[in-house]
Amino acid sequence: MLPIPAVGAGIVGLGALTTYLVAPWLKTDLAYCYKFMKFAEASIKTVEAKLFMVDMFEAAVKHNPQKTFLWNEGIAYSYAQVDEKATQVARFADGIGLKCGDCVAMMIFNSPEFVWTVYGLQKLGVQVALLNTNIRSKSLQHCLTVSETKTVIFGQDLQDAVESVADFLSSERYSVWIQGSVVPSPYQAMDSVTVGMSTTPVDPIVRNSVKATDPIVYIYTSGTTGLPKAAIITQNRPCSASAMVPVLCNITEDDVVYLTLPLYHSAAFLIGLAGTVRAGCTAVLRRKFSASVFWDDCRRYDVTAFVYIGELLRYLVNMPEQPNDKDHKVRVILGNGLRPEIWAAFKDRFNIKEIREFYAATEGLGLFMNLGDKPGSIGRCSPILKRIYPLNFLKFDYENETAYRGPDGRCVPAKPGETGLYVCAIQAGKRDFDGYKGKKELNEKKILRNVFKEGDAYYNSGDLLKVDDMHDVYFIDRVGDTFRWKGENVSTTEVASVLADDERILHVNVYGVKVPGADGRAGMAAITMNEGCTVDQEFLADLYKKVMGNLPVYARPIFLRMHESELETTSTFKYIKTNLQKEGFNPSQVKEPLYRLDSTKKAYSPINRIFYDQVVLGKSKL
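No experiment lies behind these values; they were computed from the predicted model shown.

Asker: Please clarify how the overall build of the protein chain should be interpreted in this entry.
Answerer: Helix and strand counts for the protein chain come out as 21 helices and 31 strands. The C-alpha atoms of the protein chain give a radius of gyration of 26 Å, which matches the 25 Å a tight globule of 622 residues would have. The dimensions of the protein chain, computed from C-alpha atoms along their principal axes, are 100 × 65 × 60 Å. The buried share among the 622 residues of the protein chain stands at 54%.

Okay, structure coming up:
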């Protein structure tokens, strides 16, 4: 007979073996659950203590005032210096009559000015509409209108954006401030006013009425409804998002985070900037991403972490190999959209120890993060995790582009291994969907009701995900009239409205097409001309001028297809895109005239087989 301890050990060993055979994913899951419990605890504590983004900043200033907070173009700014500038912005805002709860629209490139302007406005409890620096004309006018503000601050390098809406700003009596000491009339120079303001700390009592559910910023995101939508980011969102940095990525005050993504987007603002402050570390700002100087910056500033989008990493991998590719201190990166084929190549070439791929939407509910460095995965969703967090994957009706409903009218969960529509339960007071500023129907389109029972409501992500047999989750595709290019969501409706504003055009169908070696889909437009109108050089030049002047760079259609007959539609008059997307811009498959955006000729130029082959072989960049 075996001794009792040996019997016990045998039982434990048998139990472990049984667990491994029945649920081999359990060990990974327990570690994952532990990390996310710590993350949830940190987020909740911050919200309950009413330590909002500006409070975390002021705490970091108090904790280590002389520590370098920002590096920008070789100049270091301490936490104390940024705080003094932010205080002057707050006193400037107070001086022009802004108060807690008001809103200011702001368009500024990545810079220290962006940071201290945002924090200065937050010191008063003023909300900020973060404008995309690429938008102009109609899109910019729309974003200003939606923000419901009459005060707008532009960076000094964005006067062309101001001029694109000059008449609108004048007619609507906006108070327009441009950063700098000298600006053209009739605009006001912000720096000439703020430079003389007091740096005496602003009493936090002036923002004492701010609640966790109040907006802090509006971040504009393209969707299926056309023009940009203003996603409402409440005070509690940075409390949660910023915790990802120290808790899930183990970033401490000794780290240096490189922020080359635009701060007007959620990844750089809510995770990168807010996370840097929460960890009390240093951020390196670059106005725009540059693959050619990326690693030089990392070496120059001793960068240890950075925030990415998948396209950024593809650019870096495609750069010629260098002997010093591994000569840097970067150990952890976090972001989204990293394709499996780039994952291993990037990690091995540049010797990156940890890749924290995550999935989250600016306005959405739920968060996935890959903590196990499994290439292609965005996180986990095991039976245990689904009990903790009310998310689900629904069987998808591809023909109607919506969740499939059974004979009883209820949605049907996707089977294991089947691609499904990701949804998350909305629970009032516990898990609210903040949605968008503006018309209520914008929010309603993102909500699925009566999903599993009468009266329930789920946030509809509009994304198709898949869970494998080890409960790892993978992003598959987007649905609806949005595709992703250059790290941005492109609304086909918005692009079509710009192109269709031409009396020579009868119909426009905009869609995204796959390009070998590129993340996302490149914009393409199928166009039918009005009777009697021809596609001549004047038309191609006019169309080029129109898209360059009215659409941000990522939304400009790279390809055109000239339809000789009316475009095919569904019974509800929606354009059918499936066959068009499959044929893409391949002249061997498309018998109709094809054109490409040609910056050298400042027009759309014909596509031939030679150009197509060069793109496929990676010899010609788009």
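Asker: What's the story with the side chain of Ser147 in this structure? I'm lost.
Answerer: Checked against the element boundaries, Ser147 lands in helix H6 (residues 137-147). When residues no more than four places from it in sequence are discounted, the contact partners of Ser147 are Cys103, Ala105, Ala129, Tyr220 and Lys437.

Asker: Help me understand H6, please; the structure alone is not making it clear to me.
Answerer: Residues spaced three or four apart along an α-helix face the same direction, because each turn holds 3.6 residues. Restricting attention to buried positions, one finds in H6 the residues Ser137, Ser139, Leu140, Cys143, Leu144, Val146 and Ser147. Note on H6: the residue one or two positions beyond its end, Glu148, has a positive phi of about 55 degrees.

Asker: Explanation requested: the pairing of strand S14 (residues 354-359) in the structure shown.
Answerer: Regular strands place side chains that alternate from one sheet face to the opposite one. With 5 of 6 residues buried, S14 lies mostly within the body of the structure. Where strand S13 (residues 332-336) and S14 come together, 4 bridges link them in parallel fashion. Its bridge partner lying in S14, Leu334 is registered against Arg356. At this point the chain moves from S13, through helix H15 (residues 340-350), to the parallel S14, and the crossover so formed is right-handed. Sheet topology places S14 next to strand S15 (residues 368-369); 2 bridges connect them, and they run antiparallel. Bridging across to S15, Tyr359 finds its partner in Phe368.

Asker: Can you help me understand the environment of Arg207 in this one?
Answerer: Relative to the helices and strands, Arg207 is located in the loop between helix H9 (191-194) and strand S8 (215-221). Remark: the alpha-carbon pair of Arg207 and Gly125, spanning 82 residues in sequence, is separated by 4.9 Å. Discounting chain neighbours no more than four positions away, the residues touching Arg207 are Val54, Asp55, Glu58, Cys100, Gln122, Lys123, Leu124 and Gly125. At a separation of 3.2 Å, a polar atom in the side chain of Arg207 contacts the main-chain carbonyl oxygen of Lys123.

Asker: Would you explain the nonpolar core in this entry?
Answerer: Judged by nonpolar contacts, the single largest core of 101 residues is most densely connected at Phe69, Tyr119, Leu130, Trp295, Phe306, Leu313 and Phe346. Here the element with the most residues in this core is helix H12 (residues 266-279); it accounts for 9 residues. Contact partners of Leu313, with chain neighbours within four places excluded, come to Phe306, Tyr308, Ile333, Leu338, Ile342 and Phe346. Formed by 42 residues, the second largest nonpolar core is a distinct cluster that contains Ile505, Val508, Val515 and Leu551.

Asker: What's the story with the sheet that holds strand S6 (residues 175-178) in this structure? I'm lost.
Answerer: Hydrogen bonds along the backbone pair up the strands of a sheet, which may run parallel or antiparallel. Spatially, the 8 strands line up as an open sheet ordered S7-S6-S5-S3-S4-S8-S9-S21, and their pairing is mixed. Of all strands in the sheet, those bounded by a partner on one side alone are strand S7 (188-189) and strand S21 (436-437). As paired elements, S8 and strand S9 (residues 229-234) share 6 bridges and run antiparallel to each other. Each residue of the ladder has a partner; that of Tyr220, found in S9, is Ala230. Along the sheet, H6 makes contact with strand S3 (103-107), strand S4 (127-130), strand S5 (151-154), S8, S9 and S21, crossing S3 at roughly 155 degrees.

Asker: Just to check I follow, could you spell out the pattern of salt bridges for this structure?
Answerer: Opposite charge on two side chains allows them to pair when their charged atoms are near. The full count for this structure, using the stated rule, is 31 salt bridges. Measuring nitrogen to oxygen at the nearest pair gives 3.5 Å for the salt bridge that ties Glu172 to Lys150. Within this pair, whereas Glu172 is found in the loop between helix H8 (166-171) and S6, its partner Lys150 is found in the loop between H6 and S5, the two being separated by 22 residues in sequence. By relative accessible area, which is 41% here, Lys150 ends up partly exposed. Across the pair Arg349 and Asp325 runs a salt bridge, and its minimum N-O distance is 2.8 Å. Residue Arg349 is found in helix H15, and its partner Asp325 is found in the loop between helix H14 (310-318) and S13; the two are separated by 24 residues along the sequence.

Asker: How do you make sense of the sheet that holds strand S29 (residues 559-563) when you look at a structure like this?
Answerer: Read across the sheet, 5 strands follow the order S27-S28-S29-S30-S31 without closing on themselves; strand pairing throughout is mixed. Here the strands that pair on one side only, and so sit at the sheet edges, are strand S27 (505-513) and strand S31 (603-606). Strand-to-strand twist across the sheet, computed as the mean angle between neighbouring axes with direction ignored, equals 30 degrees. Across 3 bridges, S29 lies against strand S30 (residues 594-598) in antiparallel orientation. By the bridge assignment for S30, Leu560 is matched with Tyr595. Contacting S27 and strand S28 (522-529), helix H18 (residues 492-499) crosses the sheet at an angle of about 145 degrees to S27.

Asker: Is there a simple way to explain the packing of helix H3 (residues 53-63) against helix H4 (residues 79-95) in this structure?
Answerer: Packed helices, taken two at a time, are described by the angle between their axes plus the distance between the axes. With their axes 9 Å apart at the nearest point, H3 and H4 run at an angle of 135 degrees to one another. Taken together, the axes of H3 and H4 lie oblique to each other. Once H3 is placed against H4, the crossing between them reads as left-handed. Where H3 abuts H4, its residues Phe57, Ala60 and Val61 lie against Tyr79, Ala80, Val82 and Asp83. For the contact of H3 with H4, the per-class residue count stands at 6 nonpolar, no polar and 1 charged.

Asker: Just checking my understanding: could you explain the packing of aromatic side chains for this structure?
Answerer: Two aromatic rings are characterised by how far apart their centres lie and by the angle between their planes. Inspection of the entire model under this criterion finds 28 aromatic pairs. Taking the centre distance of 5.2 Å and the plane angle of 80 degrees together, the rings of Phe294 and Trp295 count as edge-to-face. Each member of the pair Phe294 and Trp295 is classed as buried. Considering the side-chain rings of Phe452 and Tyr458, the 5.6 Å spacing of their centres and the 85 degrees angle between planes classify their relative orientation as edge-to-face. Residue class for Phe452 comes out partly exposed when judged on its relative accessible area of 30%. Put simply, the rings of Tyr258, Phe289, Phe294, Trp295, Phe306, Tyr315, Phe346 and Phe350 touch in pairs and so form one group of aromatic residues.

Asker: Help me out: how do you make sense of the side chain of Arg237 in this one?
Answerer: When you line up the elements, Arg237 lands in helix H10 (residues 236-241). In this structure Arg237 is buried but unpaired, with Asp434 as the nearest side chain of opposite charge at 4.5 Å. One polar contact links the side chain of Arg237 to the main-chain carbonyl oxygen of Ala361, over a distance of 3.4 Å. With residues near it in sequence (within four places) discarded, Arg237 still touches Ala361, Thr362, Glu363, Gly364 and Asp434.

Asker: Can you walk me through the environment of Ala279 in this structure?
Answerer: When you line up the elements, Ala279 lands in helix H12. Considered as a pair, Ala279 and Lys591 are 312 residues apart in the sequence and their alpha carbons are 57 Å apart. When near neighbours in sequence (up to four residues on either side) are disregarded, Ala279 contacts Ile251, Thr252 and Glu253.

Here is what the cut-offs are and how they apply
Residues numbered from 1 in each chain as written. Predicted model: local features only at pLDDT ≥ 70, side-chain atom pairs only at ≥ 80, totals over all residues. Heavy atoms only, no water. Helix = DSSP H or I, 4+ residues; strand = E, 2+ residues; numbered from the N terminus. Rg over C-alpha atoms; globule rule 2.2 N^0.38 Å. Buried < 20%, exposed > 50% of the residue type's maximum accessible area, 1.4 Å probe, protein only. Contact = heavy atoms within 4.5 Å. Pairing = 2+ DSSP bridges. Right-handed = clockwise from strand over helix to strand, strands pointing away. Polar contact = N/O pair within 3.5 Å; in protein donor to acceptor, adjacent residues only side chain to side chain. Core = buried A, V, L, I, M, F, W, Y, C linked by side-chain atoms within 4.5 Å. Axes fitted to C-alpha atoms, helices over the stretch in contact; angles between N-to-C directions. Salt bridge = Lys/Arg side-chain N within 4 Å of Asp/Glu carboxyl O. Parallel < 35°, antiparallel > 145°, perpendicular 65-115°, else oblique. Left-handed = near helix turned anticlockwise from the far one by under 90°. Nonpolar A, V, L, I, M, F, W, Y, C, P; charged D, E, K, R; others polar. Phe/Tyr/Trp six-rings, centres within 6.5 Å; stacked < 30°, edge-to-face > 60°. Lys, Arg positive; Asp, Glu negative; His and termini not counted.

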